[in-house]
Each structure stands twice: as structure tokens, then as C-alpha cells.
Amino acid sequence: REGPETYHSEPDKDSYKKFIVDKHSSRAVKEITIYSKELKGLENAVIYDLPGFDSPTFKHSEFTISKVRQADAVVMLRDINPSITGPEMQIINETREEDGVELKEKLFFFINKIDTLHTKERFEEVLEKFKKELKENNLYKDGRIFYSSALAHLYGIGQDLSEDAKSAYEILKERFGIENSIGKLYEGIVDYNH
């Protein structure tokens, strides 16, 4: 349909969710804007959920580059085997704001799904390998790598009470001693922007 479609309250989320997750409906959407009162310390923040730099669709990559040039901070979401691909590395090294600030200066990394790793030692190996890769590519900065489980976080805030979410939450707490690393990422971005 043409023109904006507005949803004002949480109960309507199922009606707009398809525009985010359904591959056919999402192609018909130019932009989704969500307003929140939950971003204390980032009141004027605009958050973009962008396609990756290594998207096979050129238009996606072009759009992503234009948005990260405007961003004050960029969070790259990684899975439990984090790495930076060749196309990503090239874009990170070549992208600058109009005033010359390099993209790598405003990068944060978030490693998700660590609850799927079987031991804390395995997680530490994964983390050290990723840090080494970042250092080799001149992208490492102290305090810019965060890790957790989005599923566990949703359980912790009462948004997903499924058995899978509960299990992820318990594993994070017992195996890794982590309760809310997503909150630490948020605090890190707030500190960086002030």
C-alpha cells in the first residue's frame, strides 16, 4: 500500500512484524521508524538496523555505507564464530564521514548466542581469536567488544518466557557469570557519545 502506515501501541506488534521478518512483505517497505522512551542517555539517537556490508545486493551495501557515514556509533552484530569478511574489511577501511572520521573509530562489536558454546574456555578461545583478528586489521579498541545472548536478555526482561529463552538465561548466568551484557553495550555507547 502507498503512504505511511502507523501503529501506536505494543498490542499491534503482530500486525507490523511481517513488514520486518517476512521476506515478501519487507521488500515493500522503504523505512520503519520506532520511537522509544527506553533510551535514556541517547534521547536524540537514531538507530538503524541495516543490511550487512557483505550483502549480495549492491543497493543494500550502498544504503548501509550511506547510513554508517552519518552514524555516531556503529554496532556490528557477530555470531559465535565472529570474523570480519573481506568485503566488510574493505568498506570499514575505506569509509569516512564527510569530515574525515574513519568508520573504524566508531565501531563496536556484539557477539550473540554465546549460550550455545559448551564451555567458558571455548568462549574465551573464540573471544581471543576475534580480538587477534581485530588487532591484525587495526580495528581493536579496548571496551568495544560485548557478548551475550539476545534470547537470554529477552527472558531476563520478561519478553520471552519460553523454555529456550529460560535455558539461555540460565546458561549465561551459571556458565559465563553474565546477566546483562546488552546493558553494558548500551552503557558503552552512551559513554562514547558523551
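Model, not experiment: these values are computed from the prediction.

Q: Could you clarify how one ought to interpret unusual backbone geometry in this entry?
A: A positive phi angle is found at Lys 113, which is not glycine, with a value near 65 degrees. In this structure, Lys 113 sits in the loop between β2 (107–111) and α5 (120–136).

Q: Please clarify how the side chain of Glu 133 should be interpreted in this entry.
A: Among the structural elements, Glu 133 can be located in helix α5. Engagement of the side chain of Glu 133 in a polar contact is seen with the side chain of Ser 83, the distance being 3.1 Å. When neighbours within four sequence positions are excluded, Glu 133 is seen to be in contact with Pro 82, Ser 83 and Ile 84.

Q: Looking at this model, I keep getting lost on the packing of aromatic side chains. Mind explaining?
A: The relation between two aromatic rings is expressed through the spacing of the ring centres and the mutual angle of the planes. Counting across every chain of the model gives six aromatic pairs. Ring centres of Phe 108 and Tyr 192 lie 5.4 Å apart, and the angle between their planes is 80 degrees; this geometry places the pair in the edge-to-face category. A residue pair is termed long-range when its members are at least 10 positions apart, and Phe 108 in strand β2 and Tyr 192 in helix α8 (residues 181–193) qualify at 84 residues. Judged by centre distance (5.7 Å) and plane angle (75 degrees), the ring pair of Phe 123 and Phe 176 falls under edge-to-face.

Q: Is there a simple way to explain the sheet that holds strand β3 (residues 145–147) in this structure?
A: Across a sheet, paired strands are connected by hydrogen bonds in the backbone, their directions being either parallel or antiparallel. Ordered by their spatial adjacency, three strands build an open sheet running β1-β2-β3, and the pairing between neighbours is parallel. This sheet does not close on itself; its edge strands, each paired only once, are β1 (74–78) and β3. Between one strand and the next, the sheet's axes are offset by a mean angle of 25 degrees, whatever the strand orientation. Pairing of β2 with β3 involves three bridges; the strand directions are parallel. Looking at β3, one finds that Phe 109 is bridged to Ile 145. On top of the sheet, α8 reaches β1, β2 and β3; it is set at about 175 degrees to β2, its chief contact.

Q: Can you walk me through helix α7 (residues 163–176) in this structure?
A: For an α-helix the count is 3.6 residues per turn, leaving residues at separations of three or four pointing the same way. Across its 14 residues, α7 extends 19 Å between first and last C-alpha, which sits within 8% of the 20 Å expected from 1.5 Å per residue. Among all positions in α7, only Ala 165, Ala 168, Tyr 169, Leu 172 and Phe 176 are buried. Projected down its long axis, α7 carries its buried residues within an arc of 100 degrees, all on one side. Exposed positions of α7 whose direction lies more than 90 degrees from the buried face are Glu 163 and Glu 174. Looking at the buried positions of α7, the neighbouring elements they touch are α5 and α6 (150–156). Once α7 finishes, Gly 177 follows within two positions and takes phi at roughly 65 degrees, a positive value.

So, how was this worked out
Residues numbered from 1 in each chain as written. Predicted model: local features only at pLDDT ≥ 70, side-chain atom pairs only at ≥ 80, totals over all residues. Heavy atoms only, no water. Helix = DSSP H or I, 4+ residues; strand = E, 2+ residues; numbered from the N terminus. Polar contact = N/O pair within 3.5 Å; in protein donor to acceptor, adjacent residues only side chain to side chain. Contact = heavy atoms within 4.5 Å. Phe/Tyr/Trp six-rings, centres within 6.5 Å; stacked < 30°, edge-to-face > 60°. Pairing = 2+ DSSP bridges. Axes fitted to C-alpha atoms, helices over the stretch in contact; angles between N-to-C directions. Expected span 1.5 Å × (residues − 1). Buried < 20%, exposed > 50% of the residue type's maximum accessible area, 1.4 Å probe, protein only. Arc of directions from axis to C-beta.

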